Amino acid sequence: MRGVLVTGASRGIGRAVAAAFAAAGDRVAVQYASRREDAEETLRLLPGSGHALIRSDLSEAGSAERVVDEAVAGLGQVDVLVNNAAVAPSPATHHPVATVSLDAWRTVWRQMIDVNLLAAADLTWAVARHLIDRGSAGHVVNIGSRGAFRGEPEYPAYGASKAALHAFGQSMAVALAPHGISVTAVAPGFVATERQSSKLAGSQGDGLRGESPFGRVGTPEEVAAAVRYLAAPEATWASGTILDLNGASHLRT
Ligand SMILES: NC(=O)c1ccc[n+]([C@@H]2O[C@H](COP(=O)([O-])OP(=O)(O)OC[C@H]3O[C@@H](n4cnc5c(N)ncnc54)[C@H](OP(=O)(O)O)[C@@H]3O)[C@@H](O)[C@H]2O)c1
(Lines give C-alpha, C1' and ligand atoms only; values in the text may rest on other atoms or scores of the structure.)
Protein backbone atom coordinates (compact mmCIF):
# COMPACT_ATOMS: atom_id res chain seq x y z
CA MET A 1 0.00 0.00 0.00
CA ARG A 2 1.47 3.36 -1.05
CA GLY A 3 1.36 6.68 0.76
CA VAL A 4 0.19 9.60 -1.40
CA LEU A 5 0.40 13.27 -0.40
CA VAL A 6 -2.06 15.45 -2.34
CA THR A 7 -1.82 19.18 -1.69
CA GLY A 8 -4.88 21.39 -2.07
CA ALA A 9 -7.29 18.48 -1.68
CA SER A 10 -10.13 20.33 0.07
CA ARG A 11 -12.14 20.39 -3.16
CA GLY A 12 -11.87 20.44 -6.95
CA ILE A 13 -9.10 18.59 -8.75
CA GLY A 14 -7.25 17.80 -5.51
CA ARG A 15 -10.31 16.06 -4.06
CA ALA A 16 -10.77 13.99 -7.25
CA VAL A 17 -7.09 13.03 -7.24
CA ALA A 18 -7.27 11.97 -3.59
CA ALA A 19 -10.36 9.88 -4.33
CA ALA A 20 -8.74 8.20 -7.34
CA PHE A 21 -5.69 7.08 -5.33
CA ALA A 22 -7.81 5.91 -2.39
CA ALA A 23 -10.07 3.93 -4.76
CA ALA A 24 -6.96 2.12 -5.98
CA GLY A 25 -6.07 1.11 -2.41
CA ASP A 26 -3.54 3.81 -1.54
CA ARG A 27 -3.43 5.80 1.70
CA VAL A 28 -3.82 9.51 1.12
CA ALA A 29 -2.77 12.61 3.06
CA VAL A 30 -5.27 15.38 2.28
CA GLN A 31 -3.60 18.77 2.69
CA TYR A 32 -5.64 21.99 2.76
CA ALA A 33 -5.22 25.59 3.90
CA SER A 34 -8.50 27.17 5.02
CA ARG A 35 -11.55 25.09 3.98
CA ARG A 36 -11.56 22.70 6.91
CA GLU A 37 -15.10 21.40 6.42
CA ASP A 38 -14.49 20.74 2.73
CA ALA A 39 -11.23 18.95 3.52
CA GLU A 40 -12.99 16.82 6.14
CA GLU A 41 -15.60 15.99 3.50
CA THR A 42 -12.82 14.88 1.13
CA LEU A 43 -11.50 12.62 3.88
CA ARG A 44 -14.98 11.17 4.49
CA LEU A 45 -15.40 10.45 0.77
CA LEU A 46 -12.19 8.38 0.57
CA PRO A 47 -12.66 4.63 0.44
CA GLY A 48 -10.34 2.56 2.61
CA SER A 49 -8.64 3.52 5.87
CA GLY A 50 -5.44 5.07 7.20
CA HIS A 51 -5.87 8.42 5.44
CA ALA A 52 -4.69 11.68 7.05
CA LEU A 53 -5.73 15.33 7.14
CA ILE A 54 -3.09 18.07 7.21
CA ARG A 55 -3.74 21.78 7.58
CA SER A 56 -1.05 24.13 6.41
CA ASP A 57 -0.66 27.47 4.68
CA LEU A 58 1.99 26.60 2.11
CA SER A 59 2.95 30.25 1.68
CA GLU A 60 4.53 30.18 5.16
CA ALA A 61 8.25 29.46 5.45
CA GLY A 62 8.97 25.94 6.70
CA SER A 63 5.46 24.67 6.00
CA ALA A 64 6.44 22.22 3.25
CA GLU A 65 8.85 20.26 5.44
CA ARG A 66 6.25 20.14 8.22
CA VAL A 67 3.58 18.88 5.79
CA VAL A 68 5.85 16.09 4.56
CA ASP A 69 6.80 15.17 8.15
CA GLU A 70 3.10 15.00 9.08
CA ALA A 71 2.29 12.95 5.99
CA VAL A 72 5.06 10.46 6.78
CA ALA A 73 3.88 10.25 10.40
CA GLY A 74 0.24 9.80 9.36
CA LEU A 75 0.71 7.37 6.47
CA GLY A 76 3.90 5.60 7.52
CA GLN A 77 5.62 6.64 4.28
CA VAL A 78 5.15 8.88 1.25
CA ASP A 79 5.67 7.33 -2.19
CA VAL A 80 3.79 9.83 -4.34
CA LEU A 81 3.58 13.63 -4.15
CA VAL A 82 0.93 15.50 -6.13
CA ASN A 83 1.66 19.24 -6.17
CA ASN A 84 -1.87 20.50 -6.78
CA ALA A 85 -2.36 23.40 -4.31
CA ALA A 86 -2.40 26.76 -6.03
CA VAL A 87 -3.44 30.35 -5.76
CA ALA A 88 -5.52 30.30 -8.93
CA PRO A 89 -7.43 32.85 -11.02
CA SER A 90 -10.36 34.37 -9.13
CA PRO A 91 -11.80 37.86 -8.64
CA ALA A 92 -9.39 38.27 -5.69
CA THR A 93 -6.32 37.53 -7.81
CA HIS A 94 -7.30 39.41 -10.99
CA HIS A 95 -4.31 41.57 -12.02
CA PRO A 96 -4.57 42.96 -15.56
CA VAL A 97 -1.46 45.05 -16.18
CA ALA A 98 -3.33 48.00 -17.72
CA THR A 99 -5.51 48.72 -14.69
CA VAL A 100 -4.15 47.14 -11.49
CA SER A 101 -2.07 49.15 -8.99
CA LEU A 102 1.57 48.24 -8.50
CA ASP A 103 0.88 47.27 -4.89
CA ALA A 104 -1.88 44.83 -5.90
CA TRP A 105 0.27 43.54 -8.79
CA ARG A 106 3.19 42.79 -6.45
CA THR A 107 0.94 41.16 -3.84
CA VAL A 108 -0.63 38.71 -6.31
CA TRP A 109 2.69 37.89 -7.97
CA ARG A 110 4.18 36.98 -4.60
CA GLN A 111 1.16 34.92 -3.49
CA MET A 112 1.14 32.93 -6.71
CA ILE A 113 4.89 32.32 -6.90
CA ASP A 114 5.08 31.44 -3.18
CA VAL A 115 2.39 28.73 -3.34
CA ASN A 116 2.38 27.56 -6.96
CA LEU A 117 6.16 27.34 -7.40
CA LEU A 118 8.21 27.74 -4.23
CA ALA A 119 6.01 25.51 -2.03
CA ALA A 120 6.01 22.84 -4.76
CA ALA A 121 9.81 23.08 -4.93
CA ASP A 122 10.17 22.69 -1.15
CA LEU A 123 7.67 19.80 -1.04
CA THR A 124 9.55 18.09 -3.87
CA TRP A 125 12.84 18.51 -1.98
CA ALA A 126 11.38 17.03 1.19
CA VAL A 127 9.67 14.07 -0.50
CA ALA A 128 12.70 13.37 -2.70
CA ARG A 129 14.98 13.27 0.34
CA HIS A 130 12.52 11.00 2.18
CA LEU A 131 12.51 8.60 -0.81
CA ILE A 132 16.29 8.74 -1.28
CA ASP A 133 16.86 8.07 2.44
CA ARG A 134 14.54 5.05 2.21
CA GLY A 135 16.14 3.87 -1.03
CA SER A 136 12.64 3.78 -2.56
CA ALA A 137 11.33 4.61 -5.98
CA GLY A 138 8.54 7.18 -6.15
CA HIS A 139 6.63 9.67 -8.25
CA VAL A 140 6.02 13.42 -8.24
CA VAL A 141 3.16 14.76 -10.36
CA ASN A 142 2.80 18.52 -10.75
CA ILE A 143 -0.53 20.08 -11.67
CA GLY A 144 0.45 22.66 -14.25
CA SER A 145 -1.78 24.43 -16.72
CA ARG A 146 -2.54 25.09 -20.37
CA GLY A 147 -2.04 28.74 -19.39
CA ALA A 148 1.70 28.12 -19.24
CA PHE A 149 1.68 27.72 -23.04
CA ARG A 150 -1.27 29.83 -24.15
CA GLY A 151 -0.67 32.80 -21.87
CA GLU A 152 -2.84 34.24 -19.10
CA PRO A 153 -3.22 37.90 -20.10
CA GLU A 154 -5.33 38.84 -17.08
CA TYR A 155 -3.44 36.57 -14.65
CA PRO A 156 0.18 36.77 -15.86
CA ALA A 157 1.64 35.65 -12.51
CA TYR A 158 -0.45 32.47 -12.72
CA GLY A 159 0.78 31.65 -16.24
CA ALA A 160 4.37 32.35 -15.21
CA SER A 161 4.08 30.23 -12.06
CA LYS A 162 2.77 27.26 -14.07
CA ALA A 163 5.42 27.60 -16.80
CA ALA A 164 8.04 27.66 -14.04
CA LEU A 165 6.46 24.61 -12.39
CA HIS A 166 6.65 22.70 -15.69
CA ALA A 167 10.31 23.66 -16.13
CA PHE A 168 11.14 22.85 -12.51
CA GLY A 169 9.57 19.41 -12.92
CA GLN A 170 11.65 18.68 -16.00
CA SER A 171 14.86 19.58 -14.16
CA MET A 172 13.80 17.31 -11.30
CA ALA A 173 12.97 14.49 -13.73
CA VAL A 174 16.61 14.44 -14.81
CA ALA A 175 18.03 14.98 -11.31
CA LEU A 176 15.89 12.29 -9.63
CA ALA A 177 15.90 9.57 -12.32
CA PRO A 178 19.10 8.01 -10.89
CA HIS A 179 17.12 7.53 -7.66
CA GLY A 180 14.23 5.83 -9.44
CA ILE A 181 11.92 8.82 -8.93
CA SER A 182 9.79 10.03 -11.85
CA VAL A 183 8.60 13.62 -12.14
CA THR A 184 5.81 14.58 -14.52
CA ALA A 185 3.16 17.25 -15.02
CA VAL A 186 -0.33 17.56 -16.37
CA ALA A 187 -1.42 20.76 -18.11
CA PRO A 188 -5.20 20.96 -17.89
CA GLY A 189 -7.32 23.38 -19.85
CA PHE A 190 -10.52 24.66 -18.26
CA VAL A 191 -11.84 22.17 -15.68
CA ALA A 192 -15.30 22.26 -14.07
CA THR A 193 -14.36 22.71 -10.41
CA GLU A 194 -16.27 24.59 -7.70
CA ARG A 195 -13.98 27.59 -8.23
CA GLN A 196 -15.02 27.78 -11.89
CA SER A 197 -18.75 27.11 -11.48
CA SER A 198 -19.94 30.73 -11.64
CA LYS A 199 -17.97 31.32 -14.86
CA LEU A 200 -19.46 28.20 -16.43
CA ALA A 201 -22.99 29.15 -15.37
CA GLY A 202 -22.65 32.78 -16.50
CA SER A 203 -22.34 34.62 -19.79
CA GLN A 204 -18.82 33.25 -20.40
CA GLY A 205 -19.98 29.63 -20.14
CA ASP A 206 -20.71 28.92 -23.80
CA GLY A 207 -17.44 30.52 -24.89
CA LEU A 208 -15.48 28.39 -22.42
CA ARG A 209 -17.19 25.19 -23.58
CA GLY A 210 -16.65 26.26 -27.17
CA GLU A 211 -12.86 26.45 -26.71
CA SER A 212 -12.77 22.68 -27.21
CA PRO A 213 -14.09 21.00 -30.36
CA PHE A 214 -15.69 18.52 -27.98
CA GLY A 215 -17.96 21.39 -26.93
CA ARG A 216 -17.37 21.02 -23.21
CA VAL A 217 -14.79 21.64 -20.49
CA GLY A 218 -12.80 18.98 -18.63
CA THR A 219 -13.77 17.21 -15.42
CA PRO A 220 -11.74 16.79 -12.22
CA GLU A 221 -12.07 13.01 -12.68
CA GLU A 222 -10.37 13.17 -16.11
CA VAL A 223 -7.43 15.01 -14.56
CA ALA A 224 -7.32 12.58 -11.64
CA ALA A 225 -7.20 9.55 -13.96
CA ALA A 226 -4.19 11.01 -15.76
CA VAL A 227 -2.43 11.83 -12.49
CA ARG A 228 -2.95 8.29 -11.24
CA TYR A 229 -1.53 6.88 -14.47
CA LEU A 230 1.55 9.13 -14.24
CA ALA A 231 2.12 8.01 -10.64
CA ALA A 232 2.00 4.31 -11.55
CA PRO A 233 5.22 2.30 -11.73
CA GLU A 234 4.50 1.45 -15.39
CA ALA A 235 4.53 5.17 -16.25
CA THR A 236 8.06 5.74 -14.93
CA TRP A 237 9.29 5.99 -18.53
CA ALA A 238 7.04 9.04 -19.00
CA SER A 239 9.24 10.96 -16.56
CA GLY A 240 9.82 14.52 -17.79
CA THR A 241 6.58 14.68 -19.73
CA ILE A 242 3.96 17.42 -19.58
CA LEU A 243 0.64 15.85 -20.49
CA ASP A 244 -1.89 18.13 -22.18
CA LEU A 245 -5.44 17.62 -20.89
CA ASN A 246 -7.36 20.25 -22.79
CA GLY A 247 -9.77 18.53 -25.20
CA ALA A 248 -7.75 19.76 -28.22
CA SER A 249 -8.55 23.35 -27.24
CA HIS A 250 -4.88 24.34 -27.55
CA LEU A 251 -2.33 22.50 -29.68
CA ARG A 252 1.26 23.32 -28.83
CA THR A 253 4.21 22.44 -31.01
N1 LIG B 1 -9.93 24.26 -12.57
C2 LIG B 1 -9.28 24.58 -13.66
O3 LIG B 1 -9.89 25.05 -14.66
C4 LIG B 1 -7.78 24.36 -13.75
C5 LIG B 1 -7.16 24.44 -15.01
C6 LIG B 1 -5.79 24.23 -15.11
C7 LIG B 1 -5.06 23.98 -13.97
N8 LIG B 1 -5.68 23.93 -12.76
C9 LIG B 1 -4.87 23.66 -11.57
O10 LIG B 1 -5.42 22.58 -10.87
C11 LIG B 1 -5.20 22.76 -9.47
C12 LIG B 1 -6.51 22.70 -8.71
O13 LIG B 1 -7.44 23.61 -9.27
P14 LIG B 1 -8.90 23.79 -8.65
O15 LIG B 1 -9.72 24.49 -9.66
O16 LIG B 1 -9.33 22.50 -8.07
O17 LIG B 1 -8.50 24.85 -7.49
P18 LIG B 1 -9.22 25.31 -6.13
O19 LIG B 1 -10.61 24.79 -6.03
O20 LIG B 1 -9.00 26.77 -6.04
O21 LIG B 1 -8.36 24.56 -5.02
C22 LIG B 1 -7.09 25.03 -4.69
C23 LIG B 1 -6.56 24.21 -3.54
O24 LIG B 1 -5.29 24.77 -3.17
C25 LIG B 1 -5.31 25.03 -1.77
N26 LIG B 1 -4.51 26.20 -1.46
C27 LIG B 1 -4.68 27.46 -1.94
N28 LIG B 1 -3.80 28.30 -1.34
C29 LIG B 1 -3.09 27.54 -0.47
C30 LIG B 1 -2.05 27.84 0.46
N31 LIG B 1 -1.57 29.08 0.63
N32 LIG B 1 -1.55 26.82 1.20
C33 LIG B 1 -2.04 25.57 1.05
N34 LIG B 1 -3.01 25.22 0.19
C35 LIG B 1 -3.54 26.22 -0.55
C36 LIG B 1 -6.77 25.25 -1.40
O37 LIG B 1 -6.97 24.97 -0.02
P38 LIG B 1 -8.24 25.63 0.78
O39 LIG B 1 -9.45 25.32 -0.04
O40 LIG B 1 -8.25 24.92 2.09
O41 LIG B 1 -7.97 27.08 0.90
C42 LIG B 1 -7.45 24.24 -2.32
O43 LIG B 1 -7.45 22.97 -1.69
C44 LIG B 1 -4.45 24.07 -9.32
O45 LIG B 1 -3.05 23.82 -9.31
C46 LIG B 1 -4.83 24.81 -10.57
O47 LIG B 1 -3.87 25.78 -10.92
C48 LIG B 1 -7.02 24.10 -12.62
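- Looking at an unreviewed UniProt entry, one finds the chain named SDR family oxidoreductase, with Streptomyces flavofungini as its source organism.
- Looking at the Sequence similarities (unreviewed entry) heading of the UniProt record, one finds this comment for the chain: "Belongs to the short-chain dehydrogenases/reductases (SDR) family."

**Considering the site of the ligand**
Inference 1: If you check the shell around the ligand, you find 31 residues, and the closest are Ser10, Ser34, Arg35, Asn84 and Tyr158.
Inference 2: Between an oxygen atom of the ligand and a side-chain N or O atom of Tyr158, the distance comes to 2.5 Å.
Inference 3: Within the side chain of Thr193, a nitrogen or oxygen atom sits 2.8 Å from an oxygen atom of the ligand.
Inference 4: Coverage of the ligand by the protein chains reaches 93% of its 900 Å² of free accessible surface.
Inference 5: Of all the elements in the fold, those that place two or more residues in the shell around the ligand are α1 (12–23), β2 (27–32) and α6 (156–176).

**What about the layout of surface pockets?**
Inference 1: When its volume is computed, the largest pocket comes out at roughly 1,300 Å³.
Inference 2: Looking at the lining of the largest pocket, the elements with two or more residues in it are α1, β2, α4 (102–134), α5 (147–150) and α6.
Inference 3: At three residues, α1 tops the list of elements feeding residues into the lining of the largest pocket.
Inference 4: Looking at the lining of the largest pocket residue by residue, the class counts come to 18 nonpolar, 19 polar and 13 charged.
Inference 5: What the second largest pocket holds in volume is close to 240 Å³.
Inference 6: Taken together, 19 residues line the second largest pocket, and the ones lying closest to its centre are Val217, Gly218, Leu245, Asn246 and Gly247.
Inference 7: For the lining of the second largest pocket, a count of residues per class yields eight nonpolar, seven polar and four charged.

**A closer look at the packing of α4 against α6**
Inference 1: Packing of α4 against α6 brings their axes to within 9 Å, and their N-to-C directions diverge by 15 degrees. Considering the angle they form, α4 stands roughly parallel to α6. Every pair of crossing elements has a handedness; the one defined by α4 and α6 is right-handed. Each of Trp105, Val108, Trp109, Met112, Ile113, Asn116, Leu117, Ala120, Ala121, Thr124, Ala128 and Ile132 in α4 lies in contact with α6, whose residues at this interface are Pro156, Ala157, Tyr158, Ala160, Ser161, Ala164, Leu165, Phe168, Met172 and Leu176.
Inference 2: For the contact of α4 with α6, the per-class residue count stands at 19 nonpolar, three polar and no charged.

**Overview of the side chain of Ser182**
Inference 1: Summarising the element assignment, Ser182 is placed in strand β6 (residues 181–188).
Inference 2: We classify Ser182 as buried; its relative accessible area is 0%.
Inference 3: Looking at Ser182, its side chain comes within polar contact range of the side chain of His139, at 2.8 Å.
Inference 4: Ignoring sequence-local partners within four residues, the contact set of Ser182 consists of Gly138, His139, Val140, Leu230, Thr236 and Ser239.

**Let's talk about empty space enclosed by the protein**
Inference 1: Summed over the entire model, instances satisfying the criterion amount to two cavities of 30 Å³ or more.
Inference 2: Volume-wise, the largest cavity comes out at about 50 Å³.
Inference 3: Residue lining of the largest cavity: Thr7, Leu58, Asn83, Asn84, Ala85, Val115, Asn116, Ala119, Ala120, Leu123, Lys162 and Leu165, and that is the complete set.
Inference 4: Looking at the lining of the largest cavity, the elements with two or more residues in it are α4 and α6.
Inference 5: With five residues, the single largest contributor to the lining of the largest cavity is α4.
Inference 6: For the lining of the largest cavity, the residue count by class is seven nonpolar, four polar and one charged.
Inference 7: The space that makes up the second largest cavity amounts to roughly 40 Å³.
Inference 8: Around the second largest cavity, the lining residues are Asn142, His166, Gly169, Gln170, Val183, Thr184, Ala185, Gly240, Thr241 and Ile242.
Inference 9: Among the secondary structure elements, those contributing two or more residues to the lining of the second largest cavity are α6 and β6.

Definitions and limits used
Residues numbered from 1 in each chain as written. Predicted model: local features only at pLDDT ≥ 70, side-chain atom pairs only at ≥ 80, totals over all residues. Heavy atoms only, no water. UniProt positions renumbered as here; feature names shortened; annotations may be inferred. Near = heavy atom within 4 Å. Polar contact = N/O pair within 3.5 Å; in protein donor to acceptor, adjacent residues only side chain to side chain. Areas by Shrake-Rupley, 256 points an atom, 1.4 Å probe, with all protein chains shown as cover. Helix = DSSP H or I, 4+ residues; strand = E, 2+ residues; numbered from the N terminus. 1 Å grid on protein atoms, 1.4 Å probe; cavity = no way out; pocket = protein on both sides within 12 Å on 5 of 7 lines; lining within 4 Å. Points joined across faces, edges and corners; volume = space filled by probe spheres on them. Nonpolar A, V, L, I, M, F, W, Y, C, P; charged D, E, K, R; others polar. Axes fitted to C-alpha atoms, helices over the stretch in contact; angles between N-to-C directions. Parallel < 35°, antiparallel > 145°, perpendicular 65-115°, else oblique. Left-handed = near helix turned anticlockwise from the far one by under 90°. Contact = heavy atoms within 4.5 Å. Buried < 20%, exposed > 50% of the residue type's maximum accessible area, 1.4 Å probe, protein only.

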